[in-house]
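Listed here are the chains, written in short residue letters.
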Amino acid sequence: MLAPTVTRRLISSFAERGPARREAARQRLAPLTARELEIVREVARGLGNAEIARQLTMSEATVKAHVSRALAKLQAGNRVQLAILVHDADLL
């Protein structure tokens, strides 16, 4: 149980973080090219490289190259971190 005043402060704190978090994620994604962002969005949807390649009519090697460049540009360690950024940016 939380006191009503604590509950209000907690909700207020999370409500304020939403737009700030979204904007921070969008700023972080800004260095990506349009194609890299398109591929990162598909990664965030849970698609693998082969699925993305089929969907976007490109080779799997090209998809891998785009994912690798996106990971490097964003200093992300893995695909999960890319997906979290896309979700935080509200781009799905």
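Data block above holds the structure.
Residues numbered from 1 in each chain as written. Predicted model: local features only at pLDDT ≥ 70, side-chain atom pairs only at ≥ 80, totals over all residues. Heavy atoms only, no water.

Participant: Teacher, can you tell me more about the environment of Val 63 here?
Facilitator: Along the chain, the position of Val 63 falls in helix α4 (residues 60–74). Residue Val 63 is classed as buried on the basis of its relative accessible area, which comes to 0%. On a C-alpha basis, the gap between Val 63 and Ile 39 in space is 7.2 Å, while along the polypeptide they are 24 residues apart. The residues contacting Val 63, other than those within four sequence positions of it, are Ile 39, Asn 49, Ile 52, Ala 53 and Met 58. (Helix = DSSP H or I, 4+ residues; strand = E, 2+ residues; numbered from the N terminus. Buried < 20%, exposed > 50% of the residue type's maximum accessible area, 1.4 Å probe, protein only. Contact = heavy atoms within 4.5 Å.)

Participant: Explanation requested: the environment of Glu 60 in the structure shown.
Facilitator: Take Glu 60: it is sitting in helix α4. Separated by eleven residues in the primary sequence, Glu 60 and Asn 49 have C-alpha atoms spaced 5.9 Å apart. What Glu 60 contacts, discounting residues up to four positions off in sequence, is Asn 49, Ala 50 and Ala 53.

Participant: Explain the side chain of Glu 36 to me, please; I cannot follow it from the model alone.
Facilitator: Mapping Glu 36 onto the fold places it in helix α2 (residues 34–44). The exposure class of Glu 36 is buried, given its relative accessible area of 2%. Of the polar contacts made by the side chain of Glu 36, one reaches the backbone nitrogen of Thr 33; its length is 2.9 Å. Discounting residues that sit within four places of it in the chain, Glu 36 has contacts with Pro 31, His 66, Arg 69 and Lys 73. (Polar contact = N/O pair within 3.5 Å; in protein donor to acceptor, adjacent residues only side chain to side chain.)

Participant: Even after reading the chapter, I still don't get the nonpolar core, so can you show me in this structure?
Facilitator: What tends to happen in soluble globular proteins is that the nonpolar side chains get buried as a cluster. Core analysis: the biggest nonpolar cluster contains 23 residues, and Ile 39, Ile 52, Val 63, Val 67, Leu 74 and Leu 82 have the highest contact counts within it. Residue assignment for this core shows that the elements contributing at least two residues are α1 (4–29), α2, α3 (49–55), α4 and α5 (79–88). Among the elements that line this core, the one with the most residues is α4, at five residues. (Core = buried A, V, L, I, M, F, W, Y, C linked by side-chain atoms within 4.5 Å.)

Participant: Would you take a moment to explain the packing of α4 against α5 for this structure?
Facilitator: Between α4 and α5, the shortest axis-to-axis distance is 10 Å and the interhelical angle comes to 70°. The angle between α4 and α5 falls in the class roughly perpendicular. Contacts between α4 and α5 involve Val 67, Ala 70, Leu 71 and Leu 74 on the former and, on the latter, Arg 79, Leu 82 and Leu 85. The residue inventory of the contact of α4 with α5, partitioned by class, reads six nonpolar, no polar and one charged. (Axes fitted to C-alpha atoms, helices over the stretch in contact; angles between N-to-C directions. Parallel < 35°, antiparallel > 145°, perpendicular 65-115°, else oblique. Nonpolar A, V, L, I, M, F, W, Y, C, P; charged D, E, K, R; others polar.)

Participant: Any chance you could explain the pattern of salt bridges here in plain terms?
Facilitator: It is possible for side chains bearing opposite charge to pair when their charged atoms get close. All chains considered together, the criterion is met by five salt bridges. Here Arg 35 ties to Glu 38 by a salt bridge, and the two come within 2.6 Å at their closest N and O atoms. Residue Arg 35 and its partner Glu 38 are both found in helix α2; the two are separated by three residues, about one turn of the helix. Under the relative-accessibility criterion, Arg 35 is labelled partly exposed at 31%. Taking relative accessible area as the criterion, Glu 38 reaches 29% and is therefore assigned partly exposed. A single salt-bridge network, built from bridges that share partners, covers Glu 36, Arg 69 and Lys 73. (Salt bridge = Lys/Arg side-chain N within 4 Å of Asp/Glu carboxyl O.)

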